[in-house]
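# Structure at a glance
So the chains spell out like this:
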Amino acid sequence: MVPDTPPVQEPFPISHVAGRYLLFDPPTVAHARRTHNVIGVLVGTIPNLSQQNVFLGIPLELQPEEARVLVEQGHAYIVDDAAIHREGFLEMSREDRLAYLRDLDEKGAEMSREVVRRANERSEQVLREKGLRPSKKGTESTSNDAGSSLFDGDEPPVPAVKAPEKKLEPTYITPTTSYPPLSKPQPSHALGLPEVPKSFPLFRYLHTKGYFMMPGLRFGCHYSVYPGDPLRFHSHFLATGLGWDEEFDLLDIVGGGRLGTGVKKAYLIGGEEKGGKQVADTSALPAPSWNPALRPNKEERKKAHVEVEPVRAFSVEWAGL
Amino acid sequence: MSLTVSAPPARAPIQSLIAQDSSPKTHDPALHSLALQIQHNLQYQHNWSALHIYTHSPLTGALLPRPLLSGLPPHRLYVHPDEQIELLKDADRARKAKEGETGALEVKAAPEREWILPARLSEKWTLRRLAEVFDGVSQVPPEEDGKVRETSKWRETKRVVLATVDTDSTVVYYIVQDGIVKPRQN
């Protein structure tokens, strides 16, 4: 399938707003999903219909882990959206500001005119349907027909109902985007790496192997791991990230293994191997056999800005004994 | 009411098995008796054969973190999903070859030796300890003569059957594989 949107320029900015990592641009959302296995969760509602939350839209909220892998691999950078706005709008030149305000006013006036025009159209139509306001053609024909009628000639033509010549109420617009008027934030303004939970090494390991991760709350784990886009695949693993020396109960392994096997998945535990053999190039790892296209891109891995400790993972399934 | 003093009850078979064990104690006695308990369970409850207790790694000869078992299950314990697809195709071909017969698919997978890791439910584990166990075992347990029999070509990762026993002697078995291995589609 050929994407019909213009290619997204990398690195792209991720907005950091109130502790969340958000993407506001639909092409970027599609790009992140298509090329970087990053799904996120759509969280946007219609502002004046916030109860209507069955289908959500942009912005896309990224898990901190997702934002982090994008930043580590050099595909994206984090910008402090509040600071960018404060700075951008305060430092805007007077002409730009006035032009922007004028633009908003014009759009608002246009909207008001449109509202009035529609209201007039509606009232016209209703009047016509009730026969109180004959259409132009109708007027001529009735006047001809009515030549023999009782009120012939005496009746003055019905005066056209004029739109009330009130001053237009301006509509105040809340702009849905800040870029423009602000220009795209520069990578030089980028914040540092996002804070991530301790399960992140396992996330990154699975991500480099081409897996897609979704939050694992439904199965009581950290991530549900999909071998491809979750719209096309069932998940393969319920993954829980652990520290190399973090103690866990065998009951958790039994519970995770049993639950996973019950839903045709495997329970996966893993973590950074301290003092393990350094796996220098993760791109040498084979692609998953079910989809050779998921092979991690060698160039991408080389661009990685961060030293990666090897991760070791164990798959657990019920033995059926 | 009088209390009759009777002889203590006879030992349970597992008790005498543990008491009579004369193998050299290389580990904590509790770990040896744990291995014996799992061996007993596999042999008599699950019909496993060729059970053997390892105290040293067959790979390096170093002392294992705890005594491990190897054994042969009566049926194949684990079939890799890719192998399952192949087996089903083979079975389908075999059924078609015998024309007219519309029996069920007969999937044939020879049993393979497995490593068994005995553990108690009350224990705490870490990834490091689990990795140490995996580092000490070979991909396929050796036969009695020390040779390794050929196994299905889909057996590419080390796997260990984690046998967890609770205080009431219930034993549950889970297959743990070293690495990311896609799940079976039962």
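Because the structure is predicted, anything quoted here is derived from the model rather than measured.

## With respect to the interface of chain B and chain A
Across the contact, 37 residues belong to chain B and 41 residues belong to chain A. When chain B packs against chain A, close to 3400 Å² is buried across both sides, 60% of that on carbon and sulfur atoms. Looking only at chain B, the three residues that lose the most surface to chain A are L127, Y174 and I180 of chain B, adding up to 24% of its buried area. Here chain B is connected to chain A by 6 salt bridges. With a closest N to O distance of 3.2 Å, R129 of chain B and E247 of chain A form a salt bridge.

## Regarding the sheet that holds strand β5 (residues 159-165) of chain B
Strand order across the open sheet formed by 10 strands is β6(A)-β7(A)-β8(A)-β10(A)-β11(A)-β6(B)-β5(B)-β3(B)-β2(B)-β1(B), with mixed pairing between neighbours. Two strands close off the open sheet at either side, each with one partner strand: β6 (212-215) of chain A together with β1 (49-56) of chain B. The mean inter-strand angle of the sheet, taken between neighbouring strand axes irrespective of direction, is 30°. Both strand β8 (residues 237-241) of chain A and strand β10 (residues 266-272) of chain A contribute to a ladder of 5 bridges, which runs parallel. The residue of β10 of chain A that forms the bridge with T240 of chain A is I269 of chain A.

## Quick notes on the packing of helix α1 (residues 13-20) of chain B against helix α2 (residues 29-45) of chain B
Residues and elements named next belong to chain B. Axis separation between α1 and α2 bottoms out at 10 Å; the angle between their running directions is 135°. Classified by the angle between their axes, α1 and α2 sit oblique to one another. Along this stretch, α1 crosses α2, giving a crossing that reads as right-handed. Here P13, I14, L17 and I18 of α1 come into contact with α2, specifically with S33, L36, Q37 and H40. The residue inventory of the contact of α1 with α2, partitioned by class, reads 5 nonpolar, 3 polar and no charged.

## Some points on the environment of L68 of chain B
Residues and elements named next belong to chain B. Summarising the element assignment, L68 is placed in strand β2 (residues 63-72). The class for L68 is buried, based on a relative accessible area of 1%. Distance from L68 to S169, taken between C-alpha atoms, is 18 Å for residues 101 residues apart in sequence. Filtering out sequence-adjacent residues up to four positions away, L68 remains in contact with H52, I53, Y54, W115, I116, L117, P118, V133 and V137.

## A look at the UniProt feature "active site" (unreviewed entry) in chain A
Residues and elements named next belong to chain A. UniProt tags Y226, H234 and K265 as "active site" (unreviewed entry). The named residues occupy 40 residues along the chain; their greatest pairwise C-alpha distance, 10.2 Å, places them in one compact cluster. Considering the arrangement of structural elements, one finds H234 in the loop between β7 (223-226) and β8. The class for H234 is exposed, based on a relative accessible area of 70%. Among residues more than four places away in sequence, those in contact with H234 are Y226 and P227.

Cut-offs used in this document
Residues numbered from 1 in each chain as written. Chains lettered and ligands numbered in written order. Predicted model: local features only at pLDDT ≥ 70, side-chain atom pairs only at ≥ 80, totals over all residues. Heavy atoms only, no water. Contact = heavy atoms within 4.5 Å. Buried area = accessible area lost by both parts, 1.4 Å probe. Salt bridge = Lys/Arg side-chain N within 4 Å of Asp/Glu carboxyl O. Pairing = 2+ DSSP bridges. Helix = DSSP H or I, 4+ residues; strand = E, 2+ residues; numbered from the N terminus. Axes fitted to C-alpha atoms, helices over the stretch in contact; angles between N-to-C directions. Parallel < 35°, antiparallel > 145°, perpendicular 65-115°, else oblique. Left-handed = near helix turned anticlockwise from the far one by under 90°. Nonpolar A, V, L, I, M, F, W, Y, C, P; charged D, E, K, R; others polar. Buried < 20%, exposed > 50% of the residue type's maximum accessible area, 1.4 Å probe, protein only. UniProt positions renumbered as here; feature names shortened; annotations may be inferred.

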